[in-house]
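Structure assessment
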Amino acid sequence: MGIEILIAKCNACGLCVKECPFDAVHVINGVAVIDYDKCTLCGACVEACPVDAILFEKPGGEAAVDLSKYTDVWVFCEQKKGVIQSVAYELLGEGKKLARARNSELCGVLLGHEIADKADVLKARGADKVYVVDSPLLKDYVDE
């Protein structure tokens, strides 16, 4: 499980460095090196390596998750200070198309404080179900 550079294969081309969105790969002394504190196991470096010098196994292995059991389409509905952001409505529209194509339900997910009344707004915009997480701890929630 994890990621590893095969030193004997690495030609220090630097393509993996350019592709890593987390600045976790560097070429040091003629070989690629992974900073495991920054690496998120996204696999971008693996795809970029032209000589297959990066071994990669996702946590839990490929067979650990049976995706066939997941049927609904979920949309994270961003809100700021209790106001649902317009991007949420756009995503619900696109999500509805995908849900119809998959013969499944469209679910909205809303996080914040004192926002439970916004569930009806999301249903009016196409959500079949809305999951609301309403907590004082999310009063000043910032999605970043």
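Scroll up to find the structure this text is about.
1. A closer look at the sheet that holds strand β5 (residues 73-76)
Taken together, three strands build an open sheet; the order of strands is β5-β8-β9 and the sheet is parallel. Each end of this open sheet is capped by a strand with a single partner; those strands are β5 and β9 (129-134). The average undirected angle you get between the axes of adjacent strands in this sheet is 20 degrees. By the bridge criterion, four bridges tie β5 to strand β8 (residues 106-112) in an arrangement that is parallel.

2. Considerations on the pairing of strand β2 (residues 25-28)
In this sheet, strand β3 (residues 31-34) lies alongside β2 in antiparallel orientation, the contact comprising four bridges. Looking across to β3, one finds that V27 is bridged to A32. The antiparallel pairing of β2 with β3 creates a hairpin that spans two residues between the two strands, and N29 there sits at a positive phi of about 50 degrees.

About the thresholds
Residues numbered from 1 in each chain as written. Predicted model: local features only at pLDDT ≥ 70, side-chain atom pairs only at ≥ 80, totals over all residues. Heavy atoms only, no water. Pairing = 2+ DSSP bridges. Helix = DSSP H or I, 4+ residues; strand = E, 2+ residues; numbered from the N terminus. Axes fitted to C-alpha atoms, helices over the stretch in contact; angles between N-to-C directions.

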